[in-house]
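Here's the letter readout for the chains.
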Amino acid sequence: MFKKLFGFGKKKVEESEELEDKLSFEKEKEEQRKQLEVENEKLIAKEELEIKELEELERKEKLESVATEKLRVVKERFESKNKELEKDIEVINDKKDKNFFRSLKDKLVKTRKGLFGNMKKLFSSRSIIDEDMYEELEDLLIQSDIGMDMTLKIVGELEREVKKRGLKEPDLVYGVLKDVMENFLISEGTGLEVDKPGMNIILVVGVNGVGKTTTIGKLAAKFVKDGKKVIIGAGDTFRAAAIEQLEEWADRAGADIIKHEQGSDPGAVVFDTLKAGRSRGADIVIIDTAGRLHNKNNLMKELEKINTIIEKQVGDSSYESLLVIDGTTGQNGLNQAKVFNEVTKLSGFVVTKLDGTAKGGIVFAISEELKKPIKFIGVGEGIEDLREFNSKEYIAAIFE
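Since this is a predicted model, take the numbers as computed values, not measurements.

Thresholds applied
Residues numbered from 1 in each chain as written. Predicted model: local features only at pLDDT ≥ 70, side-chain atom pairs only at ≥ 80, totals over all residues. Heavy atoms only, no water. Helix = DSSP H or I, 4+ residues; strand = E, 2+ residues; numbered from the N terminus. Contact = heavy atoms within 4.5 Å. Salt bridge = Lys/Arg side-chain N within 4 Å of Asp/Glu carboxyl O. Buried < 20%, exposed > 50% of the residue type's maximum accessible area, 1.4 Å probe, protein only. Pairing = 2+ DSSP bridges. Right-handed = clockwise from strand over helix to strand, strands pointing away. Core = buried A, V, L, I, M, F, W, Y, C linked by side-chain atoms within 4.5 Å. Domains from an automatic or database assignment. Axes fitted to C-alpha atoms, helices over the stretch in contact; angles between N-to-C directions. Parallel < 35°, antiparallel > 145°, perpendicular 65-115°, else oblique. Nonpolar A, V, L, I, M, F, W, Y, C, P; charged D, E, K, R; others polar. 1 Å grid on protein atoms, 1.4 Å probe; cavity = no way out; pocket = protein on both sides within 12 Å on 5 of 7 lines; lining within 4 Å. Points joined across faces, edges and corners; volume = space filled by probe spheres on them. Arc of directions from axis to C-beta. Polar contact = N/O pair within 3.5 Å; in protein donor to acceptor, adjacent residues only side chain to side chain.

Caption draft 1: Highlighting the overall build of the protein. Each helix and strand counted, the protein has 13 helices and 8 strands in total. Relative to all contacts within the protein whose residues are 6 or more apart in sequence, the contacts with residues 24 or more apart total 75%.

Here it is in structure tokens:
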């Protein structure tokens, strides 16, 4: 009985221990499961984070790709527009150049239809090239204010060139004459040398009535427009109203002016002008002078004095000395040029009023006979009508 009871109790204890072990195992198993779930959740969260990061990276790469593509398109569009703009600018500049040249042809229409129109008719009306044709050409050239000496040079050179080219048709001689006459125009040194560091000086001479004051005003306006500081010296103290007219042009151009009373010593005006030019930091000083030719000795003394004052200021540096000639005065203009060339160191000429003459031969005469370049030509009243001289453009504008 005791054994049975003892055996039953032992069995119960064993069963209880077995249950406890089982419960403990289940508990441990549950804890492991929960731990695995936590770790799995962390892993999932990490994977989700990595997926989000990858998606964000992919999104950014797509954005960068889109941005790169947009940038490429914009760049191509910009380059295309830039090329179109450059073409437009070329067209505008081309039109501007053509309009400028066309306007020069329009301005010189009297010369083109007068002298050179008659010469063209001369060649087209003849059937053979002979001495009569050359003699008639001489008459036309002399009538055009080219002068006898210059005429003989042109016709002689034309005959030689026609023979050299073996021409037989008179109509072809007109083209040869164009080349011959262009060769008699000085093409080098036609620009003004006013870009040296410091103060650049332009001395302007010429008789009264040739457009000297107007030329000075237009030059001043041109230089001021180019950003230069300009001072004008009213050195013509002899002619009545000369100072007032120059003062008006200085105001219009935006230039300073140095003046004394009428009748004052021109040399003193020049000295004060150069002094003011240095103290005010002027880029260009333009000096007007009296235009008297009735007494060559007085003119020579006055210009010699002015040149001496300028040379003391500039030392060995060169300066521009321009003679203004009225293009309608013909051989009288050439005579003026010869006189002024004797009394001052001319660097070139300004030929004005060429729009008002049907002759225009003075341009060739002064260029060849005095061996000095034409720097500007005047072809109208406007500021833009004072043109820098270009021999090729001039020849093209006056020949049909």
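That was the structure; now back to the text.
Caption draft 2: Quick peek at the environment of glutamate 159. Within the element layout of this structure, glutamate 159 appears in helix H5 (residues 148-165). Distance in space between the C-alpha atoms of glutamate 159 and valine 176 is 9.6 Å, their sequence separation being 17 residues. Excluding anything up to four places from it in sequence, glutamate 159 contacts Glu131 and Tyr134.

Caption draft 3: Up close: the pattern of salt bridges. Throughout the structure, instances matching the rule amount to 22 salt bridges. Here arginine 160 and glutamate 157 are joined by a salt bridge, their closest N and O atoms 3.2 Å apart. A residue pair is termed a helical-turn pair when its members lie 3 or 4 positions apart in one helix, as arginine 160 and glutamate 157 do in helix H5 at 3 residues. Classification of arginine 160 by relative accessible area gives exposed; the value is 54%.

Caption draft 4: Summary view of the pairing of strand E5 (residues 320-326). In terms of residue burial, E5 counts as a mostly covered element, since 7 of its 7 residues are buried. As paired strands, strand E1 (residues 200-205) and E5 are joined by 4 bridges and run parallel to one another. Paired with leucine 203 across the strands is serine 321, a residue of E5. The pairing of E5 with strand E6 (residues 348-352) spans 5 bridges and is classified as parallel. For leucine 322, the partnering residue across the bridge sits in E6 and is glycine 348. Note that the unit made of E5, helix H11 (residues 331-343) and E6 has a crossover that is right-handed.

Caption draft 5: Inspection of the nonpolar core at higher detail. Residues Met119, Met181, Ile286, Ile310 and Tyr394 are the most contacted members of the largest nonpolar core, which totals 98 residues. Lining this core are residues from two domains, each supplying at least three of them: domain 1 (104-184) and domain 2 (200-399). Residue contacts for isoleucine 310: discarding those within four places in its chain leaves Ile201, Leu203, Val270, Leu274, Ile287 and Tyr319.

Caption draft 6: Region of the structure containing the packing of H5 against helix H12 (residues 362-369). With their axes 10 Å apart at the nearest point, H5 and H12 run at an angle of 90° to one another. Overall, the two elements H5 and H12 adopt an arrangement that is roughly perpendicular. Contacts between H5 and H12 involve Asp149, Met150 and Lys153 on the former and, on the latter, Phe364, Ala365, Glu368 and Glu369. Its residues assigned to classes, the contact of H5 with H12 shows 3 nonpolar, no polar and 4 charged.

Caption draft 7: Just the pairing of strand E4 (residues 284-288), in detail. Most of E4 is tucked away, with 5 of its 5 residues classed as buried. Bridge count for strand E2 (residues 230-233) against E4 is 4 bridges, and the pairing is parallel. Residue pairing for E4: valine 230 is matched across the bridge by isoleucine 284.

Caption draft 8: Seen up close, empty space enclosed by the protein. One pass over the full model with this rule turns up 2 cavities of 30 Å³ or more. Ala290, Arg292, Asn298, Leu299 and Glu302 are the residues that line the second largest cavity. Considering only residue class, the lining of the second largest cavity consists of 2 nonpolar, 1 polar and 2 charged.

Caption draft 9: Broad picture of helix H13 (residues 391-398). What H13 keeps buried is the set Ser391, Tyr394, Ile395, Ala397 and Ile398. Seen along its axis, H13 keeps its buried residues to an arc of 165°; they face one direction. Capping of H13 at its N-terminal end is provided by asparagine 390; its side-chain oxygen lies 3.1 Å from the backbone amide nitrogen of lysine 392.

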